[in-house]
Amino acid sequence: MARDDRPPLVRRTALREGLVDIDGARIAEATEQLRHRGRASLHDRFHRVRMAGGLAVQAGLAAGVAYLISHKVLGNPQPVFAPISAVGTLAASVGQRFRRTVELIAGVGIGVAIGDFLIYLLGTGAWQLGLVVTVAILLTIFAGASVAIVIQAAATAVLIVTLSPSTQNLEIPRFVDAFLGGGVALLVTAVLLPLNPLRVINRAARPALDLLATQLDVTADGLRSRDRASVQRALDRLRNNKDELNTLAEAIEGAKETSTLSPARWHRRGELIHYAEAADPIDRAMRNTGTLIRRSVTLIEDEEPVPDPMPDAIGHLAESVRLLKHEFAAGEEPEKARERSLRAVSEAGRAYGAGVGFSGSVVIAQVRTTASDLLVASGIEQEEANRWIRTAFGEQERPIGEPAEPDEAPKPPTAPPVG
């Protein structure tokens with residue numbers, strides 16, 4: 001659309017006289033994009049709040065209980081370290097809270113030992129504080145300690161140096177509070193307020209699976225219309241999927257921990273197997289989809305043929321991901337997701353038979369590989385998934401005249417019709 005280079009006053013006059021506003025459509029489109037982006041951002045913020053809600057309540061409860069026990073039961077007039085230890089155990093180590101408690105206590109011990117020893121030799125002051133922190137960090141790193149222990153040792157050394165002149169016998173209460181805070185955090189996690197591990201994982205898996213399905217849909221539509229820009233945007237968005245995958249991995253580890261520590265959640269162990277085993281194939285499906293989309297961009301650039309079944313196959317992959325998410329959340333056997341994955345492979349076989357170029361053949365191969373990943377994520381063994389993929393793809397991969405193998409695996413259930 002041509003740009004109106006007339007002076008602003010002339011353009012305003014023309015608008016008042018009823019002429020067409022040639023910039024109106026462009027402005028309206030930009031405004032709608034901003035509005036959609038604002039809604040998406042708000043939705044993401046609420047989702048993050050829901051994801052962290054249970055952890056926030058656990059941390060608050062643990063801090064309050066640790067404070068009460070330290071103050072009322074143990075008689076600590078300033079129970080600061082116990083609630084800090086409880087919150088640090090819960091908030092900094094989803095899925096590794098028992099290990100975090102051990103690291104917390106080890107860090108406190110190292111910090112107390114180094115701080116007391118150097119105070120005894122050098123006294124207190126600014127340069128002594130700097131030296132204590134430096135020595136604590138270097139010694140813990142030399143010993144091969146984790147980052148958590150290094151930080152805790154340095155922080156405890158700071159507290160010992162700064163508070164020792166005004167607070168007597170600080171070392172023992174610091175140890176007790178470290179034990180108390182970590183123990184209360186584990187108590188809250190396991191007994192007082194154990195989260196539903198399946199609900200946590202479902203919420204964490206939703207963004208990763210929604211991202212994968214959406215970008216597959218965008219790619220399918222982009223291939224139909226040969227819209228290179230939209231397919232490139234899908235590729236860029238999928239490349240930035242580390243947050244979604246990290247959230248899912250942490251949620252799975254946290255759910256395993258909860259189902260191990262909490263007697264009330266022991267009956268959930270078997271139901272977690274699907275998710276725990278699905279994490280790696282979902283990650284592989286993300287990576288293979290990235291290759292699929294990247295080759296789709298090249299396909300459009302090189303003006304290769306796009307048989308109608310090719311975008312249909314990619315669309316079926318997207319639907320398979322959505323069905324997998326739904327059936328996992330409902331605790332159902334993901335049969336519909338498996339069938340839709342095989343439908344995608346069947347359509348890919350038809351596209352291959354219709355004739356594709358070099359990049360198109362890579363796209364077809366990645367449809368097969370991604371469908372295999374989704375089958376494995378649904379609980380199918382890799383070897384069996386490969387047999388199903390070969391059967392669904394059809395005769396295109398066999399040399400002309402070569403008969404089908406007599407002992408080939410039985411044909412899986414037919415996918416439901418689209419529509």
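Residues numbered from 1 in each chain as written. Predicted model: local features only at pLDDT ≥ 70, side-chain atom pairs only at ≥ 80, totals over all residues. Heavy atoms only, no water.

*Asks:* Would you mind showing me how to read the overall build of the protein here?
*Replies:* Looking only at helices and strands, one finds 15 helices and 0 strands in the protein. Buried residues in the protein amount to 42% of all 419 residues. Taking all contacts inside the protein whose residues are at least 6 apart in sequence as the whole, residues at least 24 apart take part in 73%. With an accessible surface of roughly 22,200 Å², the protein has 59% of that area assigned to carbon and sulfur atoms. (Helix = DSSP H or I, 4+ residues; strand = E, 2+ residues; numbered from the N terminus. Buried < 20%, exposed > 50% of the residue type's maximum accessible area, 1.4 Å probe, protein only. Contact = heavy atoms within 4.5 Å. Areas by Shrake-Rupley, 256 points an atom, 1.4 Å probe, with all protein chains shown as cover.)

*Asks:* Could you clarify how one ought to interpret helix α9 (residues 228-239) in this entry?
*Replies:* An α-helical turn contains 3.6 residues, so any two residues separated by three or four positions project in the same direction. Taking 1.5 Å per residue, 12 residues should reach 16 Å; α9 reaches 17 Å between its end C-alpha atoms and fits that length. Buried within α9 are the following residues: S230, V231, Q232, A234, L235 and L238. Near the N-terminus of α9, the side chain that reaches the backbone nitrogen of A229, with its oxygen 3.3 Å away, is that of D227. (Expected span 1.5 Å × (residues − 1). Polar contact = N/O pair within 3.5 Å; in protein donor to acceptor, adjacent residues only side chain to side chain.)

*Asks:* Teacher, can you tell me more about the packing of helix α12 (residues 309-329) against helix α13 (residues 335-354) here?
*Replies:* Packed helices, taken two at a time, are described by the angle their axes make and the gap between the axes. Between α12 and α13, the shortest axis-to-axis distance is 8 Å and the interhelical angle comes to 170°. Between α12 and α13, the angle falls in the class roughly antiparallel. In this structure, α12 contributes P309, M310, D312, A313, H316, L317, E319, S320, L323, L324 and E327 to the contact, and α13 contributes E335, K336, A337, R340, S341, R343, A344, E347, A348, R350 and A351. Of the residues contributing to the contact of α12 with α13, the split by class is 10 nonpolar, 3 polar and 9 charged. (Axes fitted to C-alpha atoms, helices over the stretch in contact; angles between N-to-C directions. Parallel < 35°, antiparallel > 145°, perpendicular 65-115°, else oblique. Nonpolar A, V, L, I, M, F, W, Y, C, P; charged D, E, K, R; others polar.)

*Asks:* Would you mind going over the environment of A59 with me for this structure?
*Replies:* With respect to the element layout, A59 can be found in helix α2 (residues 24-73). Relative accessible area serves as the criterion here: at 13%, A59 is assigned to the buried category. Separated by 130 residues in the primary sequence, A59 and T189 place their C-alpha atoms 9.3 Å from one another. What A59 contacts, discounting residues up to four positions off in sequence, is V87 and L90.

*Asks:* Mind showing me how you'd approach a nonpolar patch on the surface here?
*Replies:* The grouping of F117, Y120, L121, L122, W127 and L131 at the surface amounts to a nonpolar patch, some 690 Å² of accessible area in total. If you list the elements that add at least two residues to the nonpolar patch, you get α4 (97-122) and α5 (126-142). Within the secondary structure layout, F117 lies in helix α4. (Patch = residues over 30% accessible without salt bridge, like charges linked within 9 Å, V, L, I, M, F, W, Y side chains within 5 Å. Salt bridge = Lys/Arg side-chain N within 4 Å of Asp/Glu carboxyl O.)

*Asks:* Got a minute to help me understand the pattern of salt bridges in this structure?
*Replies:* Side-chain pairs of opposite charge can arise where the charged atoms are in close proximity. Scanning all chains against the criterion turns up 12 salt bridges. Between R224 and D221 there is a salt bridge, with the nearest N and O atoms lying 3.0 Å from each other. Here R224 and its partner D221 are both found in helix α8 (residues 197-225), 3 residues apart, which amounts to about one turn of the helix. According to the relative accessible area criterion, D221 is partly exposed, its value standing at 45%. A salt bridge links D283 to R287, with the shortest nitrogen-to-oxygen separation between them at 3.4 Å. Of the two residues, D283 and R287 both sit in helix α11 (residues 269-301), 4 residues apart, roughly one turn of that helix. Here D283 falls in the partly exposed class, since its relative accessible area comes to 22%. Through salt bridges with shared partners, one network takes in D217, E319 and R322.

*Asks:* What is the right way to read the nonpolar core from this model?
*Replies:* Soluble globular proteins tend to pack their nonpolar side chains together in the buried interior. One finds M310, I314, L317 and V367 to be the most contacted residues of the largest nonpolar core, which totals 52 residues. If you look at the next biggest cluster of nonpolar residues, it comprises 12 residues, including I105, I114, V132 and A157. (Core = buried A, V, L, I, M, F, W, Y, C linked by side-chain atoms within 4.5 Å.)

*Asks:* What am I meant to see in α13 here?
*Replies:* With 20 residues, α13 should reach 28 Å at 1.5 Å per residue; the first-to-last C-alpha distance of 29 Å fits that figure. Here α13 has its buried residues at A337, R338, E339, R340, S341, L342, A344, V345, E347, A348, G349 and A351. For α13, the elements touching its buried residues are α12, α14 (358-377) and α15 (382-393). Looking at the residues trailing α13, positive phi occurs at G355, about 110°.

*Asks:* Looking at this structure, I do not really get the confidence of the model for the protein. What am I missing?
*Replies:* Detailed reading of the predicted coordinates is not advisable wherever pLDDT is low. Across the protein, the average pLDDT comes to 75, with 66% of residues at or above 70. Mean pLDDT per element in the protein: helix α1 (residues 8-16) is the minimum at 46, and α14 is the maximum at 95. In the predicted structure, residues 8-16 sits below a pLDDT of 50 and forms 7 contacts with residues beyond four places in sequence or in another chain. With pLDDT under 50 throughout, residues 397-419 is counted as low confidence; its partners more than four residues away or in other chains account for 26 contacts. (pLDDT = per-residue confidence, 0-100.)

*Asks:* Looking at this structure, how should I read the packing of aromatic side chains?
*Replies:* Scanning the model with the defined rule gives 1 aromatic pair in all. Here Y352 and F393 contribute two aromatic rings whose centre-to-centre distance is 5.9 Å and whose plane-to-plane angle is 50°, an arrangement assigned as tilted. In this pair, Y352 sits in helix α13 while F393 sits in helix α15, placing the two residues 41 residues apart along the sequence. What makes Y352 partly exposed here is its relative accessible area of 39%. Between the NZ or CZ atom of R368 and the centre of the ring of F393, over which it lies, the distance is 4.6 Å. (Phe/Tyr/Trp six-rings, centres within 6.5 Å; stacked < 30°, edge-to-face > 60°. Lys NZ or Arg CZ within 6 Å of the ring centre and 35° of its normal.)

*Asks:* Where do I start with unusual backbone geometry in this structure?
*Replies:* Most peptide bonds are trans, and most residues other than glycine sit at a negative phi. In this model, R226 sits at a positive phi of 55°, which is unusual for a non-glycine residue. Examined against the element boundaries, R226 turns out to sit in the loop between α8 and α9. Given the relative accessible area of 37%, R226 is considered partly exposed. One non-glycine residue, E303, lies in positive phi territory at about 55°.

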